[in-house]
Amino acid sequence: MTDSQTNSEAGPPSEPGTDLHLELRGPGLRAGLTNALRDAVRTGRLAPGTRLPPSRSLAADLGVSRNTVTDSYAELVAEGWLTAQQGSGTRVATRAEPRRVTPAPSRAQATRKRPMYGLQPGSPDLANFPRTQWLTAARRALTSAPHDAFGYGDARGQVRLRTALADYLARARGVYAEPERIVICSGFHHGLALMAQALEARQVRAVAVESYGLDLYRDLLTGAGLRTPPVYVDEHGARTEDLARLDGIGAVLMTPAHQYPTGVALRPDRRTAAVEWARRTGGLILEDDYDGEFRYDRQPVGALQGLDPDRVVYFGSASKSLAPGVRLGWMVLPEELVPEIVAAKGYGDYMSSALEQLTLAEFLTSGAYDRHVRSMRLHYRRRRDQLVTALAQRAPHVRVTGMAAGLQAVLELPHGTEHSVTEAAARQGLAVSGLAEFRYEVPEAGWRLPEQDALVVNYAAPSDSAWTGALDTLCRVMPRTRG
């Protein structure tokens, strides 16, 4: 290595060096440093193109002479592990990677195309996330935040967000929500996990769940040691009058405003029956209001929590109204449950990002959240109408249900065709979900769900550029007759 190269990499005395973790191994300092650098490059810990620290900085960090570092660099340059150029310092050399043999795909993999489109439920239209408005809210929140907002703070969450949510939920969802009874979490999954811990501490042994729903949440509950007997769901929602016959349950998990995934709203008399069961037994209703803001052809169905705030735990999140990646949810709790949930948070995810909470608070109080929800409501309604129109023209025998609210619809299929339709869609590059994926039966319960073939189609998720192709492919794989 020339003097000019050494000087160029050293930089001015005030230039900070790049941190580099090395364990020197060998009979001497130079050999130990050379071996450590060589191993770091060979194993990929130092990627090609990585600029190494100036020799003066590395010598100071390691407590060795600068000559030791320059000699090691020079040796590795000679071996081809490093490169040194005037003005750009010493860097890890680009080396040819060994050719990796990719195993041939199986016959099943070869015949199945990678999905070009996805209509599986669970996600909003991520392409329409309000980036500009969110950035504006983040800047305002960061500018106005007090210093103590960035400390550990209250396990319930930022008081500014809890106050904003209390106002929004009261006017938009009919929820009785004092800021002191709201706990911020990282989405519904996190909130349900906290609730499972609290129920276990209360020695609850079983939580009833709807006979159609996500196995992810049933698995969470069973993983916490809770039994999950099913409550039958029909065209009027969960049959809450059956709760009385289920032995030993201390809570029931429900989606009353818009049952997931069938899309039906819980009938008023069944809402009343659920609350009466909770009052009579001391049980809890766990209300998942996952997409309550999106309603189209009916008056809004208020949250069940408004009927009895002391017996209903209300769960909401930004996952459908904004995006799952925001990772913010909230629980509105009966007053007696707040200390138990706060204690459960202390064992795991104690707090969500303060900046994200403050940003959402600003988004709510500025009116940007309401404007975004109204805009997306119109957007999703247009999508839903396009779906209904296309099916009426190209597959008129397919009945569409569950579309008065939410982000998905149920397409009823001829008996015995659900599997063949999902397979045909996959061959056409379209990922769809059959209703069977959401069925939950326990044979010993003594009853079975009626056989029903259907698709659960998420018309919200595709971007505008993908929607036309996804809809065309869906119509193309629909059965041509009633069967």
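Preceding this section is the structure that the text describes.
The text that follows walks through the structure, step by step, so that each part is easy to find. Being a predicted model, the structure only gives us computed values, none of them experimental.

Thresholds applied
- Residues numbered from 1 in each chain as written.
- Predicted model: local features only at pLDDT ≥ 70, side-chain atom pairs only at ≥ 80, totals over all residues.
- Heavy atoms only, no water.
- 1 Å grid on protein atoms, 1.4 Å probe; cavity = no way out; pocket = protein on both sides within 12 Å on 5 of 7 lines; lining within 4 Å.
- Points joined across faces, edges and corners; volume = space filled by probe spheres on them.
- Nonpolar A, V, L, I, M, F, W, Y, C, P; charged D, E, K, R; others polar.
- Helix = DSSP H or I, 4+ residues; strand = E, 2+ residues; numbered from the N terminus.
- Contact = heavy atoms within 4.5 Å.
- Axes fitted to C-alpha atoms, helices over the stretch in contact; angles between N-to-C directions.
- Parallel < 35°, antiparallel > 145°, perpendicular 65-115°, else oblique.
- Left-handed = near helix turned anticlockwise from the far one by under 90°.
- Salt bridge = Lys/Arg side-chain N within 4 Å of Asp/Glu carboxyl O.
- Buried < 20%, exposed > 50% of the residue type's maximum accessible area, 1.4 Å probe, protein only.

**Some points on the layout of surface pockets**
Thinking step 1. There is about 540 Å³ of room inside the largest pocket.
Thinking step 2. Taken together, 27 residues line the largest pocket, and the ones lying closest to its centre are Phe188, Leu214, Tyr217, Asp288 and Lys320.
Thinking step 3. Across the lining of the largest pocket, the residue classes break down as 13 nonpolar, eight polar and six charged.
Thinking step 4. Roughly 320 Å³ of internal volume is contained in the second largest pocket.
Thinking step 5. Looking at the second largest pocket, it is lined by 15 residues, and the ones nearest its centre are Asp234, Glu235, Thr262, Val264 and Gln452.
Thinking step 6. Of all elements in the fold, only strand S7 (233–234), strand S13 (399–401) and strand S14 (408–412) reach the threshold of two or more residues within the lining of the second largest pocket.
Thinking step 7. Grouping the constituent residues of the lining of the second largest pocket by class yields seven nonpolar, four polar and four charged.

**Topic: the environment of Met478**
Thinking step 1. Considering the arrangement of structural elements, one finds Met478 in the segment after helix H15 (464–477).
Thinking step 2. Excluding its chain neighbours within four sequence positions, the residues that come into contact with Met478 are Leu391, Ala395, Val398, Leu411, Leu413, Val421 and Leu455.

**Quick look at empty space enclosed by the protein**
Thinking step 1. Overall, the coordinates contain two cavities of 30 Å³ or more when judged by the stated rule.
Thinking step 2. Of the pockets and cavities examined, the second largest cavity occupies roughly 40 Å³.
Thinking step 3. Lining the second largest cavity are Leu169, Arg173, Asp289, Gly292, Glu293, Tyr314, Gly316, Ser317 and Trp330.
Thinking step 4. Among the secondary structure elements, those contributing two or more residues to the lining of the second largest cavity are helix H7 (159–173) and strand S11 (312–317).
Thinking step 5. Residue classes in the lining of the second largest cavity are distributed as three nonpolar, three polar and three charged.

**Observations regarding unusual backbone geometry**
Thinking step 1. Between Tyr260 and the following residue, Pro261, the backbone shows a cis peptide bond with an omega angle of 10°.
Thinking step 2. You can see Pro261 is positioned in the loop between strand S9 (251–254) and helix H10 (268–281).
Thinking step 3. Even without a glycine there, the phi angle at Arg327 is positive, about 55°.
Thinking step 4. Structurally, Arg327 is set in the loop between S11 and strand S12 (329–332).

**Description of the packing of helix H2 (residues 29–42) against helix H4 (residues 66–79)**
Thinking step 1. H4 packs onto H2 with a crossing angle of 45° between their chain directions and a minimal axis gap of 9 Å. Between H2 and H4, the angle is such that the two are oblique. In this structure, the crossing between H2 and H4 has a hand that is right-handed. From H2, Leu29, Arg30, Leu33, Thr34, Leu37 and Arg38 reach across to H4, where they touch Thr68, Val69, Asp71, Ser72, Tyr73, Glu75, Leu76 and Glu79.
Thinking step 2. Partitioned by chemical class, the residues of the contact of H2 with H4 number six nonpolar, three polar and five charged.

**Remarks on the pattern of salt bridges**
Thinking step 1. Tallying each qualifying case throughout the model produces 26 salt bridges.
Thinking step 2. For the salt bridge of Arg270 with Asp234, the shortest nitrogen-to-oxygen distance reads 2.7 Å. Taken together, the positions of Arg270 in helix H10 and Asp234 in strand S7 put the pair 36 residues apart, joining distant regions of the chain. Note on accessibility: Arg270 and Asp234 belong to one class, buried.
Thinking step 3. Between Arg399 and Glu412 there is a salt bridge whose closest N-O contact spans 2.8 Å. Separated by 13 residues along the polypeptide, Arg399 in strand S13 and Glu412 in strand S14 bring together distant segments of the chain.

**A few points about the side chain of Thr473**
Thinking step 1. Looking at where Thr473 falls in the secondary structure, it is placed in helix H15.
Thinking step 2. The residues contacting Thr473, other than those within four sequence positions of it, are Tyr117, Gln428 and Leu430.

Coordinates in, geometry out; function isn't part of it.
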